[in-house]
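What follows is the residue order along each chain.
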There are 6 protein chains.
Amino acid sequence: MYELGVVYRNIRRADADVAARLAPLGSATVHEAMGRVGLLKPYMRPIYAGAQVAGTAVTVLLQPGDNWMLHVVAEQIRPGDIVVAAVTAECTDGYFGDLLATSFMARGALALVIDAGVRDVKTLHEMGFPVWSKAISSKGTVKATLGSVNIPVVCAGALVHPGDVIVADDDGVVCVPAAMAAKTLQAASARQANEGDKRAKLAAGVLGLDMYNMREPLAKAGLRYIDD
Amino acid sequence: MYELGVVYRNIRRADADVAARLAPLGSATVHEAMGRVGLLKPYMRPIYAGAQVAGTAVTVLLQPGDNWMLHVVAEQIRPGDIVVAAVTAECTDGYFGDLLATSFMARGALALVIDAGVRDVKTLHEMGFPVWSKAISSKGTVKATLGSVNIPVVCAGALVHPGDVIVADDDGVVCVPAAMAAKTLQAASARQANEGDKRAKLAAGVLGLDMYNMREPLAKAGLRYIDD
Amino acid sequence: MYELGVVYRNIRRADADVAARLAPLGSATVHEAMGRVGLLKPYMRPIYAGAQVAGTAVTVLLQPGDNWMLHVVAEQIRPGDIVVAAVTAECTDGYFGDLLATSFMARGALALVIDAGVRDVKTLHEMGFPVWSKAISSKGTVKATLGSVNIPVVCAGALVHPGDVIVADDDGVVCVPAAMAAKTLQAASARQANEGDKRAKLAAGVLGLDMYNMREPLAKAGLRYIDD
Amino acid sequence: MYELGVVYRNIRRADADVAARLAPLGSATVHEAMGRVGLLKPYMRPIYAGAQVAGTAVTVLLQPGDNWMLHVVAEQIRPGDIVVAAVTAECTDGYFGDLLATSFMARGALALVIDAGVRDVKTLHEMGFPVWSKAISSKGTVKATLGSVNIPVVCAGALVHPGDVIVADDDGVVCVPAAMAAKTLQAASARQANEGDKRAKLAAGVLGLDMYNMREPLAKAGLRYIDD
Amino acid sequence: MYELGVVYRNIRRADADVAARLAPLGSATVHEAMGRVGLLKPYMRPIYAGAQVAGTAVTVLLQPGDNWMLHVVAEQIRPGDIVVAAVTAECTDGYFGDLLATSFMARGALALVIDAGVRDVKTLHEMGFPVWSKAISSKGTVKATLGSVNIPVVCAGALVHPGDVIVADDDGVVCVPAAMAAKTLQAASARQANEGDKRAKLAAGVLGLDMYNMREPLAKAGLRYIDD
Amino acid sequence: MYELGVVYRNIRRADADVAARLAPLGSATVHEAMGRVGLLKPYMRPIYAGAQVAGTAVTVLLQPGDNWMLHVVAEQIRPGDIVVAAVTAECTDGYFGDLLATSFMARGALALVIDAGVRDVKTLHEMGFPVWSKAISSKGTVKATLGSVNIPVVCAGALVHPGDVIVADDDGVVCVPAAMAAKTLQAASARQANEGDKRAKLAAGVLGLDMYNMREPLAKAGLRYIDD
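Figured I'd write up the structure that's included with this text. (Residues numbered from 1 in each chain as written. Chains lettered and ligands numbered in written order. Predicted model: local features only at pLDDT ≥ 70, side-chain atom pairs only at ≥ 80, totals over all residues. Heavy atoms only, no water.)

Turning our eyes to something else, we now look at the state of the cysteines. Using the criterion set out here, one finds zero disulfides over all chains in the structure. As a non-bridged cysteine, B:C91 has F:C91 as the owner of its nearest cysteine sulfur, 6.8 Å distant. Free of any disulfide, B:C175 has its nearest cysteine sulfur in B:C155, 9.4 Å distant. (Disulfide = S-S within 2.5 Å.)

With that settled, the discussion passes to the pattern of salt bridges. A full pass over the atoms with the stated rule returns 66 salt bridges over all chains. A salt bridge links C:D210 to C:R215; the nearest nitrogen and oxygen atoms lie 2.8 Å apart. Look at C:R215 and you get partly exposed, because its relative accessible area is 34%. The network of salt bridges with common partners includes A:E32, A:R36, A:R191 and F:R119. (Salt bridge = Lys/Arg side-chain N within 4 Å of Asp/Glu carboxyl O. Buried < 20%, exposed > 50% of the residue type's maximum accessible area, 1.4 Å probe, protein only.)

Let us now look at the relation of the copies chain B and chain A. Mapping chain B onto chain A is achieved by rotating through 180 degrees and translating by 0.0 Å along the same axis, at an RMSD of 0.0 Å. Such a combination of turn and shift is consistent with a two-fold rotation axis. Relative to the rotation axis, the C-alpha of B:G157 is the closest in chain B, positioned 2.5 Å from it. The share of interface residues of chain B whose copies in chain A are also at the interface is 100%, consistent with both copies meeting through the same surface. (Least-squares fit on C-alpha atoms with pLDDT ≥ 70 in both. Contact = heavy atoms within 4.5 Å.)

In summary, the side chains of a regular strand alternate between the two faces of the sheet. Residues and elements named next belong to chain D. Of all the six residues making up strand β6 (residues 131–136), five are buried; the element is thus mostly covered by neighbouring parts of the structure. Bridging between strand β2 (residues 45–46) and β6 involves two bridges; their strand directions are antiparallel. Note on β6: the bridge partner recorded for P46 is W132. Where strand β5 (residues 111–118) meets β6, five bridges bridge the pair, whose relative direction is parallel. Bridge assignment links L112 to a residue of β6, and that residue is V131. Taken together, β5, helix α5 (residues 121–127) and β6 form a β-α-β motif whose crossover is right-handed. (Helix = DSSP H or I, 4+ residues; strand = E, 2+ residues; numbered from the N terminus. Pairing = 2+ DSSP bridges. Right-handed = clockwise from strand over helix to strand, strands pointing away.)

Let us look at unusual backbone geometry. Backbone geometry places B:R36, a non-glycine residue, at a positive phi of 65 degrees. Among the secondary structure elements, B:R36 is positioned in the loop between α2 (26–33) and β2 (45–46).

Now for the packing of aromatic side chains. Throughout the structure, instances matching the rule amount to twelve aromatic pairs over all chains. In textbook terms, an aromatic cluster arises when at least three aromatic residues are bridged by ring pairs, as seen for A:F96, A:F104 and A:F129. (Phe/Tyr/Trp six-rings, centres within 6.5 Å; stacked < 30°, edge-to-face > 60°.)

Bringing the relation of the copies chain A and chain E into the picture now. Of the transformation placing chain A onto chain E, the axial shift is 0.0 Å and the rotation is 120 degrees, giving an RMSD of 0.0 Å. Look at the turn and shift together and you get a three-fold axis relating the two.

As a measure of interface size, the accessible area lost when the parts come together is often cited. Contact with chain B, which involves 20 residues of that partner, is made by 20 residues of chain A. When the two sides are added together, the surface that chain B and chain A hide from each other amounts to roughly 1,600 Å², 68% of it contributed by carbon and sulfur. One can count zero residue pairs in polar contact (both at pLDDT 80 or more) joining chain B with chain A. When its residues are assigned to classes, the side of chain B that touches chain A shows twelve nonpolar, four polar and four charged. (Buried area = accessible area lost by both parts, 1.4 Å probe. Polar contact = N/O pair within 3.5 Å; in protein donor to acceptor, adjacent residues only side chain to side chain. Nonpolar A, V, L, I, M, F, W, Y, C, P; charged D, E, K, R; others polar.)

So, on to the environment of A:R199. In this structure, A:R199 sits in helix α6 (residues 181–203). The class of A:R199 is partly exposed, set by a relative accessible area of 28%. Considered as a pair, A:R199 and A:S138 are 61 residues apart in the sequence and their alpha carbons are 43 Å apart. Once residues within four sequence positions are removed from consideration, A:R199 is found in contact with F:D98, F:L99 and F:T102.

Bringing the packing of helix α2 (residues 26–33) of chain C against helix α6 (residues 181–203) of chain C into the picture now. All names here are of chain C. In the contact formed by α2 and α6, the axes pass within 8 Å of each other and the chain directions differ by 115 degrees. One element, α2, and the other, α6, form an angle in the roughly perpendicular class. The hand of the α2/α6 crossing is right-handed. Here T29, V30, E32 and A33 of α2 lie close against α6, whose contacting residues are T184, A187, A188, R191 and E195. Classifying every residue of the contact of α2 with α6 by side-chain character gives four nonpolar, two polar and three charged. (Axes fitted to C-alpha atoms, helices over the stretch in contact; angles between N-to-C directions. Parallel < 35°, antiparallel > 145°, perpendicular 65-115°, else oblique. Left-handed = near helix turned anticlockwise from the far one by under 90°.)

Moving on, we come to the packing of helix α4 (residues 98–107) of chain E against helix α6 (residues 181–203) of chain F. Between α4(E) and α6(F), the least distance of the axes is 8 Å, while the angle of their chain directions is 15 degrees. Relative to α6(F), α4(E) is oriented roughly parallel. As for the relative orientation of α4(E) and α6(F), their crossing is right-handed in sense. Across the interface between the two elements, E:D98, E:L99, E:T102, E:S103 and E:A106 of α4(E) pack against F:E195, F:K198, F:R199, F:L202 and F:A203 of α6(F). Here the contact of α4(E) with α6(F) is composed, by residue class, of four nonpolar, two polar and four charged.

Purely geometric stuff here, so don't read any function into it on its own.
Shown next as structure tokens:
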């Protein structure tokens, strides 16, 4: 359940350096490194292709059709943060545009992840401020009802605590709990180191069937080859 | 993020009596009493109309197309519990049918809330075992990959801790944190007591405009009446 | 475009008797009689099966997550009316429950058609107050922003003017413009009179192919029968 | 790919008795007996609860918004058949109502499975003619473009050949290829015989964990129990 | 309700210069300037990013799977027009491709807004003819049933009269009634003039909380800051 | 119904040259040339714009959340093939990424068409390996359950036999049965030859109404022009 009308100012952020080093690994590798958990639903899409970021989460809970709290969360942003916005009901309205993006960038935010809609997407692209959202919509919002800032929120099906690391790219968005960040970086890096070697073999024509020793378990599971 | 492959056996359940008394108040009243938070997404629908229950949550995290952990969670059920099942990805398969329902009922479960599909719905109705789900599907599942039992889960967009109170009826499903249960019961009861009086007035033709003193704030907001 | 913050009090309603006689004809027959236009989108579903009504529209435009104007529209209801509610954005919140239904019934409303969510559906069923909606949701709403009453609205893709006739049943909802109501009643009645005869023939085993003389146009269109 | 403008008159139907005996086993058991394949997508829902049928498929391919071929297929129906209707594009229009149902019943059809919309659902329920469909809609259709009858069709994601057995109930719809019908009946019957015993044990409190000997494989997969 | 089988030739278009000056303001600013109304649903998306247009609406009502009337509407296009196409039922077929686009461009059309599907999108992009649609689909259509041209239509949930101004960009599509166009241009221009100043302040680090004087109303609404 | 656990090694592929010559014609023209059939549902979208390919299908049936069989199908790929992947249930998981793409490319595959999700889409774009999919998702998969390779599959609503020709571009994906490939190439080429002429006329201002002689049938259907 959500606590309403509160702003937590002193959150504990994951290590900034760890967050930064998770970015180039990407959401798929990080998600695998965590044991295939932590993903936001795949309806969250980037408003433009190619952005790849990681940062510490400042969270905000919004009311439907009301973006008041986005102004409140702006003050809590520190350089290297990613704002994660949840809504108390399903909503596709355009909560965020180029003015708020200007403010967020001035505060040092790297990106916005919002389980609702945004607008001014052409300008946001030109500004280089990446957003992952559920919708794009010109629909404006009011400023009438309180939500909260820096409480744990559920965004697109994933639980995000303030200070967790968010990794986002063209494949989606993953949340790494602060306490797991260092360990996840290690596992994800190992995983990636491993991939270069595999890629070279596969490019040379080696089959995954052989490289991963799958032929025996497949046969054991009953796979039959038919030649007629 | 989710911890995989663990079963917590000693969870702290909300007071059983408080849970039982929340049932007749219903999900809408309870949701209002909590400040309009705690709801699962409205795509969660009962498999038959008319059931209205409240109980303490035992939670289970499932893998896509795999219902192995439903057998694991069965052992953790105590009388008065409601099983809350989340999946690590979007899935509509039929994870649960009459055999598992027989087992759950034998353990004292009151209901299942599952962010996926179920089957044997005609038999479940005859057995009187209510289910709130995202889908109905004959599609069967495998038993191959571990999830967890009694960890905090995100089910249909709502965070549910083991031991929280779940209130479910034809309007939807709401989660009341264990620590808030007693206070919520009080607020919801007060709210309901209040409603009988209002209902009588409205039935007698009194308008909400007058009963709630809305005419002045509406006029102040600029509402104009036009008679041509 | 919508005019906001206005309530039109003196609307011209279609003939009440004509409206009443359209009800038993049903939405499909009426829709056909109008030339296959006037339907609301099929995502509009009754909250319980079996209701079949027709009445004159009083319209209301709502803001997302805000049911203030439902109290304003209540005052404009006259016996035989059906309230048609549109929202300025996509929203599934529960705008309407048993208290508002009590008020609407006291004013003589026959039904509600709302392009959003409702709640207390079990009680609404017991009260016999039918609703056609896009969703069922416990999610509550605020009272903060003005919409309008008795302006033309687009509800679930259909344009509805105040005073139009609404015909709703298990198949869906159709809007008959006031100026077309009498003519539509005539055409729909003729159509239905015609159906008894057809039904008897079809029940006796006559094929539609013969009854409607379709064999020749089908052959002309190139239909071939293959017997191997 | 589809052959257009043809009607195959002499199809080979699966054994009628086998089909009849598959009905009480239900779609979930039959689907499991086939190795978890053959299901139509879960968006196919019955227009009323409680119907449970099995019959031999006569198939029809329809054009969007055009129900001409439903009259053509009517002539090909034999007692015990279920009509399976596919559309060449996504469409929710109401292709089928009480008149066509009267004709289908007079020909001996047991049900309709249609990847589109139907109407007159209240009357269809009263007539006891079950339909599984993607939508309910008053929207009428034209009669202008040819499709085909008794060609293989893809209906809701499943390939259906004329003469296959269709099993449909509240859980969904499954297609059993004619050549597999007898074997599937045997496997499904064995499966069900088995279930009575399991149900009794589970009702007596035996856990699936023990009945299915899952404790060892779960431990081997790494499941840990935590007692604090 | 829709009048079928008619083409209105002499519609009254909004001032062409006003339309042209609305284009650079964009759909979000124009929508705000009108009081947050007039938007088409956000499922309407451009087939390629970056186009930004405004023009006067010529409207067309299509039948499902039938693009006959697009040829009829072509003749009614004048330079500076945007064709707005609605369908009498939900449909994703590809009604429009490069040949029709060639014809529309030859007539002076600036864009197409269609509540259905289009195809040849790569070629349309190369031609520089922007389209906002609900879907992209290769599915072809027939030419068999009449709709209408230049009647009021509901397109993606918005009422559009022939001659209204359509403003479309990457954020969506908004309809400005002809009678409101001049006033809306004024309000939108004022709004935008205002934005440059705000943007500079926000870029300099001034918070919206201060620039919009939100701290007091937030405190009054009960917002609490917590520092632990 | 699907046969599980089998790999057919000796499939008969459509003529490679015919396949190659279908590519530049595109999915819309090919679909029209086949009589408007053979299309996959329009939810199948390219992961990046601009790719246009045609090749012979090797098919694979996958289990939900399990990509084991993608390694099995890799071995069956020959230069000029397109892998067509279906799943036994609805699933959006990311079955395929840059490592598998490296392997597929090394084997000579031209593209992947998958009724599920993929990941590493930025890298796939850089590699120039086109994919048409239902979703993009970082969600990983397991390797535990058998499907099949080179059996007929239903992918996004279309029946695909191994060896059929797949034509895919920005408009969608169409399947041409091997036996129809040569004839379809002829019809599609004729159709396209025809288009250059039409395009020139339309660009010169000739109306489709005149070029296609539509005025008479439109008048006959009752179209009326109104000049007031």
